[in-house]
Each structure stands twice: as C-alpha cells, then as structure tokens.
Amino acid sequence: MQDIAKDYADQAQQLKLQGLNNSRKYMSSLTQLNGYHCLLMVISQNDVPCLQQIIHVALSNGSSVCEVVNKIKDAIEGVYCPWGYDTSDLDIATLIY
C-alpha cells in the first residue's frame, strides 16, 4: 500500500514539474513572438534609415530581437546613425571609377 502511495506521489511530482517546464517554455515562446511582432510593427510604420545595416550588425553581434527593435527606434529618432554606404556614396564611387 505504501509503495502504491509513493508511486502516485512520485508521478504527481513528475507531472507537476513537467507542467511547470512546459509553461516556462510557452511563456518564452510568447515573449519571443512579441519581440518579432514589435519588430514588424516598427519596420512597417516607419521609414528606417539604413535598416539593412542595422539588422546585419545586430545579428552579427548576436543581439536579441528586443535589442534590434531598440536600435531601430534609436535610428528613427536620429540618436543612432549606422555607418554604411548610401546611394550618394555609390554614385561618387561610380563617377571615380
């Protein structure tokens, strides 16, 4: 009888831990989806200067989606200006070449 009760207690503990792990995994996924949603909203609502350079540098540095969104918001406000080549630089290079 005690063995059966111990088995049920162990099984209940196992299921409880499995439920907690699953809820943590789901919350992490929802947070990540929220970050991607914010990224899409920022890109779709604003004309972001040098968007390709911002995303490329952020991904190569291993930044999270939230950090990318913050960099894009800084670029929109004019606080962050990524170094890169724009069309006028390419036109000058074509003239010189």
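This text goes with the structure placed above it.
As the structure is a prediction and not an experimental result, all values here were calculated from the model.

**Q** When you look at the nonpolar core in this model, what are you seeing that I'm missing?
**A** Across soluble globular proteins, nonpolar side chains have a tendency to be buried as a group. Counting residues in hydrophobic clusters, the biggest one holds 10 residues: Leu39, Val42, Val48, Ile54, Ala58, Val65, Val68, Val69, Ile72 and Ala75. Secondary structure elements with two or more residues in this core: helix 1 (2–45), helix 2 (51–60) and helix 3 (65–77). With 5 residues, helix 3 is the single largest residue contributor to this core. If sequence neighbours within four positions are ignored, Val48 has contacts with Val42, Ile54, Ile72, Ala75 and Ile76.

**Q** Is there a simple way to explain the packing of aromatic side chains in this structure?
**A** Any aromatic ring pair is given by two values, namely how distant the centres are and how the planes are angled relative to each other. Under the defined criterion, the tally for this structure stands at 0 aromatic pairs. Lying over the aromatic face of Tyr80, Lys71 brings its terminal NZ or CZ to 4.4 Å of the ring centre.

**Q** What should I look at first to understand the pattern of salt bridges in this one?
**A** Any two side chains of opposite charge can pair if their charged atoms end up close together. Summed over all chains, the structure comprises 1 salt bridge. A salt bridge links Lys6 to Asp10; the shortest N-O distance between them is 3.8 Å. Placement of both Lys6 and Asp10 in helix 1 is noted, with a separation of 4 residues, approximately one turn of the helix. Owing to a relative accessible area of 53%, Lys6 belongs among the exposed residues under this scheme. On the basis of relative accessibility, which here comes to 42%, the residue Asp10 falls in the partly exposed class.

**Q** Could you clarify how one ought to interpret the packing of helix 1 against helix 3 in this entry?
**A** A pair of packed helices can be characterised by two numbers: the angle between their axes and the separation between those axes. The geometry of helix 1 relative to helix 3 is characterised by a closest axis approach of 9 Å and an angle of 20° between their N-to-C directions. Considering the angle they form, helix 1 stands roughly parallel to helix 3. Note that helix 1 runs across helix 3; the crossing there is left-handed. Across the interface between the two elements, Gly35, Tyr36, Cys38, Leu39, Val42 and Ile43 of helix 1 pack against Val65, Val68, Val69, Ile72, Lys73 and Ile76 of helix 3.

Cut-offs used in this document
Residues numbered from 1 in each chain as written. Predicted model: local features only at pLDDT ≥ 70, side-chain atom pairs only at ≥ 80, totals over all residues. Heavy atoms only, no water. Core = buried A, V, L, I, M, F, W, Y, C linked by side-chain atoms within 4.5 Å. Buried < 20%, exposed > 50% of the residue type's maximum accessible area, 1.4 Å probe, protein only. Helix = DSSP H or I, 4+ residues; strand = E, 2+ residues; numbered from the N terminus. Contact = heavy atoms within 4.5 Å. Phe/Tyr/Trp six-rings, centres within 6.5 Å; stacked < 30°, edge-to-face > 60°. Lys NZ or Arg CZ within 6 Å of the ring centre and 35° of its normal. Salt bridge = Lys/Arg side-chain N within 4 Å of Asp/Glu carboxyl O. Axes fitted to C-alpha atoms, helices over the stretch in contact; angles between N-to-C directions. Parallel < 35°, antiparallel > 145°, perpendicular 65-115°, else oblique. Left-handed = near helix turned anticlockwise from the far one by under 90°.

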